[in-house]
Amino acid sequence: MVMTKQKERTDYRTVQTVPGRVNIIGEHTDYNGGAVLPALVNRSITVTVSLNAGERLCIHSSTFGETKNRPTRFSRDGHWSDYVAAVFAFLSDNGLFSGGADISLESDIPAGTGLSSSAALLVACLKAARDLSVFDVSDKTIALWAQQIENKFLGVPCGIMDQMAVALGEPGNALFLDTRTLQVEQVPLPDGHTIAVCHSGIQRRLDEGRYAIRRAECEEGKKLLGEPNPCLMGDETFERALALATPINRRMRHQRTEHIRVLKAVDAMRAGDVDTLGRLMDESHVSMRDDFEITHPVLDGMVLRARQHGALGSRMTGGGFGGCFVSLVPDNIFPRWQQLMNDDFPQITLI
Ligand code: GAF
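Identification of the chain as Galactokinase from Aquisalinus luteolus is taken from an unreviewed UniProt entry. Listed under Sequence similarities (unreviewed entry) in UniProt, the entry text for the chain is "Belongs to the GHMP kinase family. GalK subfamily."

Take a look at the structure:
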């Protein structure tokens, strides 16, 4: 990494706004070399950073109504400010930051709902630090750094989808990301349809263990099969995968089928074929429910009802075990659909 010198003016201030993301399809494939198809949501986090003359970080959040003073030397204390502190620790470990900073943040991305508020916060802080310094790295590098920080400093074993989505996503497009090569393509979202994102009201956290268990099960499957990219496995390896003991066989089946669904979904979006896109979203939900076992019975019911009320497809989105679902709804029925969903499930929040 290039050693660099940050700007010296303590009156210099930068503001960065980074949205959250919803994943349209491609769940838990981003740490196995598979494809994913996230898009930005209309909620974001704004971070304002200025350098100060001291040696500490003063981190304020109007959203949480709290201010924390922390040393730049990092120790994880389970507080929301860990995310900000981890960014500055990472930068200072790499010779890219020294001294102190005042950081304030506000966010309307609900935390713990699977919309990548953490990735948005990390990417916003990194982009702000880039602006205050003379290191000039690409948004892709910012995404990779954000993932490293989440893995190493915050102990969350996440893949690369969220950071890439919020760092490189564009409004009106989905981001088709190959997580093996990090190649990206912007794919326009379907005209005349709403990508409706609803929070089920069921909170979840990626660091509470079940996400890590799925990752570990995939590692076991990869080892047993001698296949580093289970999303890309050929027919012969797939046959062997299906013969593995349960639940590893089902975890592996989800990997290959979900990856293929993403590729088909991208083709369907390019062709404006919303019916196929919807069907693939439905199939993805079934695979997450039965093979990867990351859904939640209440959420399964919501997804089913979303379709019965006219969505072309519907699925849980994100790391799983709660959080949000995403539905593809024709614009002309959207108000009625929303009303019916709210009548059935008053606890749902439309994002
Ligand atoms: C979470 C993780 F952070 C992502 O990397 C991804 O694995 C996702 O769950 C599941 O697709 O958002």
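And the narrative resumes.
S.K.: Help me get a handle on unusual backbone geometry, residues and values and all.
M.R.: A cis geometry characterises the amide bond from threonine 246 onward to proline 247, with omega recorded as 10 degrees. Of note in the backbone geometry, leucine 182 takes a positive phi value of approximately 65 degrees without being a glycine. With respect to the helices and strands, leucine 182 occurs in the loop between strand E6 (173-178) and strand E7 (183-188). When the 13 C-beta atoms within 10 Å are taken as the criterion, leucine 182 is described as partly exposed. Even without being a glycine, glutamate 293 presents a positive backbone phi close to 50 degrees. Within the secondary structure, glutamate 293 sits in the loop between helix H8 (274-290) and helix H9 (297-308).

S.K.: So, the UniProt feature "domain: GHMP kinase C-terminal" (unreviewed entry) in the chain: which residues are in play, and what are the values?
M.R.: Residues given the UniProt feature "domain: GHMP kinase C-terminal" (unreviewed entry) here are residues 266-331. Secondary structure content for residues 266-331 is 52% helix and 18% strand, and the end C-alpha separation is 21 Å.

S.K.: Run through the site of the ligand, naming residues and quoting values.
M.R.: If you check the shell around the ligand, you find 12 residues, and the closest are Glu27, His28, Cys158, Gly159 and Gly319. A breakdown of the residues in the shell around the ligand according to their chemical character gives 4 nonpolar, 5 polar and 3 charged.

S.K.: Quick rundown of the confidence of the model for the chain? Include the residues and the values.
M.R.: Predicted coordinates in regions of low pLDDT should not be interpreted in detail. Across the chain, the average pLDDT comes to 94, with 95% of residues at 70 or higher. The ipTM, which scores confidence in the relative placement of chains, is 0.99 for this predicted complex, and the corresponding pTM is 0.94.

S.K.: So what about the sheet that holds strand E9 (residues 313-317)? Which residues, and what values?
M.R.: Taken together, the 4 strands give an open sheet; going across it, the order is E9-E10-E8-E11, and neighbouring strands pair in antiparallel fashion. Unpaired on one side and paired on the other, E9 and strand E11 (349-350) mark the two borders of the sheet. In terms of strand pairing, E9 meets strand E10 (residues 324-330) through 5 bridges, oriented antiparallel. When the bridges of E10 are listed, threonine 317 appears paired with cysteine 324.

S.K.: Could you give me a rundown of the packing of helix H1 (residues 82-93) against helix H2 (residues 117-132), with the residues and numbers involved?
M.R.: Their axes nearest at 9 Å, the elements H1 and H2 cross at an angle of 40 degrees. The angle between H1 and H2 places the two elements in the oblique class. In this structure, H1 meets H2 at a crossing whose hand is right-handed. Of H2, the residues touching H1 (which contributes Tyr83, Val84, Val87 and Leu91) are Ser118, Leu121, Leu122, Cys125, Leu126 and Ala129. For the contact of H1 with H2, the class distribution of residues is 9 nonpolar, 1 polar and no charged.

The rules behind each value
Residues numbered from 1 in each chain as written. Predicted model: local features only at pLDDT ≥ 70, side-chain atom pairs only at ≥ 80, totals over all residues. UniProt positions renumbered as here; feature names shortened; annotations may be inferred. Helix = DSSP H or I, 4+ residues; strand = E, 2+ residues; numbered from the N terminus. Buried ≥ 20, exposed ≤ 12 C-beta atoms within 10 Å, placed from the backbone. Near = placed C-beta within 6 Å. Nonpolar A, V, L, I, M, F, W, Y, C, P; charged D, E, K, R; others polar. pLDDT = per-residue confidence, 0-100. Pairing = 2+ DSSP bridges. Axes fitted to C-alpha atoms, helices over the stretch in contact; angles between N-to-C directions. Parallel < 35°, antiparallel > 145°, perpendicular 65-115°, else oblique. Left-handed = near helix turned anticlockwise from the far one by under 90°. Contact = placed C-beta atoms within 7 Å.

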